[in-house]
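# Overview (structure and organization)
Here is how the chains run, residue by residue.
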Amino acid sequence: MVEFDEFGPEKILQVHNPKIGLKGFVVIDSTARGPGKGGIRMTPGVSVDEVSKLARAMTWKTALADLPFGGAKGGICVDPHAITSAQKYRLVETFSKMLKCISPCEYVSAPDMNIGEKEMEIFAKANGSMKSCTGKPAKMGGLPHELGSTGFGVFHATKIAAKQAGINLEGATVAVEGFGNVGSFAAKYLAEAGAKIVAVSDLHGLMHDPKGFDIKKLLRTKDEKGSAIKYYEGKILPNHEIVSLNVDILVPAAIPDLILENDVMNVKAKLIVEGSNIPIKPELEKMLWENGTTIVPDIIANAGGVISSYVEYIGGNQKKMFKMVEEKISENTEIILKTSLKKGIYPRAAALEIAKKRVEQAKTKNK
Ligand code: NAD
């Protein structure tokens, strides 16, 4: 069930075109700070309920990154693998046309599951405004995913948090869960800063070697063979074992709910930087923090993507994007970890306190 509170959602728009099999929706959680920002996911089971939770997370993420955006999210209910590319084109084009009443004024879209830059090109053209979405192809002024803005931001969050947690990044041991867009870029930048990548996992399993892996070889193997794990000749471990490895830093960058209640006592990492969304339920984050683990929550650590979207939205280039991601993520990580220490609350609670205050202030100003 969609939960309504003083922050939102402000608007839920459902669209239906039975002729082409389009059933979709957009949840605009908050426009207090600017148009609602959030991607569109295309999955058979996507629901208003799921999308409204993601829209709320976007409200907090954009407020914490101090961007002039609110939070929103969209969904199209269809199995993308069961339709032709022409049908997919039609669905995105029609969806975009039906959203013209809210986009770009109240909703700025972006890619999400099964929606990429190709679909954003269709969306922008059907809407008629380049400001209706971000994540467009480079030829349309887009800042592509392949630049690795989120992984770059995760690296900067790690750098600041390591200092606060008393970990010297040079020589620190790191485990990276997932070696896709977020995980591979985070690992690359961490290795370049002198950290030792001792464990990496992906869909094919987990490899762990306390001596550390050669990052260039890992990236090359991923490019050439489709999986970094194919680099390794040692024993491949079950993925879940990554949570209890004896490492200084753990970077979750794949699935939600990576760390479960039974894992909390086995976590040895001194620092966890959340590259993926909700890898640990908030109540478990609190338990880990009480046990002495420093955690940079997803709404701070993986905001590089939305910061990059903002730079695209204002017509900025790659250089501006990297600069803004570094500055915002470093500053925000420092603020929430310091607030957490000062107030004796776990980092996500500190982050939410700041986000709520910023949204409330914007609401008061708009009155
Ligand atoms: P991706 O599809 O590029 O990569 C996902 C990686 O996870 C792949 O290497 C895959 O093999 C691996 N994987 C899948 N299941 C796994 C498992 N059970 N154990 C270990 N590895 C597994 O995805 P991405 O863009 O890197 O996103 C990763 C996470 O970060 C997602 O939760 C996503 O929502 C979140 N996120 C991504 C961005 C972004 O800009 N890409 C921004 C914010 C949040």
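Below you will find a few notes about this structure.

The helix and strand tally for the chain stands at 11 helices and 12 strands. The C-alpha atoms of the chain give a radius of gyration of 20 Å, which matches the 21 Å a tight globule of 367 residues would have. The principal-axis extent of the C-alpha atoms belonging to the chain is close to 55 × 50 × 40 Å. With 367 residues in all, the chain has 58% of them scored as buried. By element, 53% of the accessible surface of the chain is carried by carbon and sulfur atoms, the whole surface being about 16300 Å².

Lining the immediate environment of the ligand, one finds 18 residues, of which Thr150, Asn181, Val182, Leu203 and Ala254 sit closest. Interatomic distance of 3.2 Å between a backbone N/O atom of glycine 180 and an oxygen atom of the ligand. In this structure, a nitrogen atom belonging to the ligand sits 3.3 Å away from a side-chain N or O atom of asparagine 239. When the ligand is considered free in solution it has 830 Å² of accessible area, and contact with the protein chains removes 68% of it. Class assignment of the residues belonging to the shell around the ligand gives a composition of six nonpolar, 11 polar and one charged.

Hydrogen bonds between backbone atoms are what pair the strands of a sheet, whose relative direction is either parallel or antiparallel. With mixed pairing, six strands are arranged side by side in an open sheet as β9-β8-β7-β10-β11-β12. Only two strands of the sheet have a single neighbouring strand rather than two, namely β9 (205-208) and β12 (294-296). Each strand of the sheet is rotated relative to its neighbour by a mean of 15°, with strand direction disregarded.

Another aspect to go through is helix α1 (residues 48-64). For α1, built from 17 residues, the straight-helix expectation of 24 Å at 1.5 Å per residue is met to within 8% by its first-to-last C-alpha distance of 24 Å. By the criterion of burial, α1 is predominantly enclosed, with 13 of the 17 residues buried. Once α1 finishes, aspartate 66 follows within two positions and takes phi at roughly 55°, a positive value.

Enumeration according to the criterion identifies 22 salt bridges in this entry. Residues aspartate 248 and lysine 270 are paired through a salt bridge, measuring 2.5 Å at the closest nitrogen-oxygen approach. Of this pair, aspartate 248 sits in the loop between α6 (215-225) and β10 (249-252) while lysine 270 is found in the loop between β10 and β11 (271-273), placing the two residues 22 residues apart along the sequence. By relative accessible area, which is 17% here, aspartate 248 ends up buried. Owing to a relative accessible area of 41%, lysine 270 belongs among the partly exposed residues under this scheme. For glutamate 285, the salt bridge goes to arginine 348, with nearest N and O atoms at 2.8 Å. One end of the pair, glutamate 285, is in helix α7 (residues 282-290); the other, arginine 348, is in helix α11 (residues 347-366), and 63 residues separate them in sequence. Overall, the relative accessible area of 2% leaves glutamate 285 in the buried class. Judged by relative accessible area, arginine 348 falls into the buried class, the value being 9%. One salt-bridge network, in which partners are shared between bridges, spans Arg41, Glu50, Lys73 and Asp112.

Conventions we followed
Residues numbered from 1 in each chain as written. Predicted model: local features only at pLDDT ≥ 70, side-chain atom pairs only at ≥ 80, totals over all residues. Heavy atoms only, no water. Helix = DSSP H or I, 4+ residues; strand = E, 2+ residues; numbered from the N terminus. Rg over C-alpha atoms; globule rule 2.2 N^0.38 Å. Buried < 20%, exposed > 50% of the residue type's maximum accessible area, 1.4 Å probe, protein only. Areas by Shrake-Rupley, 256 points an atom, 1.4 Å probe, with all protein chains shown as cover. Near = heavy atom within 4 Å. Polar contact = N/O pair within 3.5 Å; in protein donor to acceptor, adjacent residues only side chain to side chain. Nonpolar A, V, L, I, M, F, W, Y, C, P; charged D, E, K, R; others polar. Pairing = 2+ DSSP bridges. Axes fitted to C-alpha atoms, helices over the stretch in contact; angles between N-to-C directions. Expected span 1.5 Å × (residues − 1). Salt bridge = Lys/Arg side-chain N within 4 Å of Asp/Glu carboxyl O.

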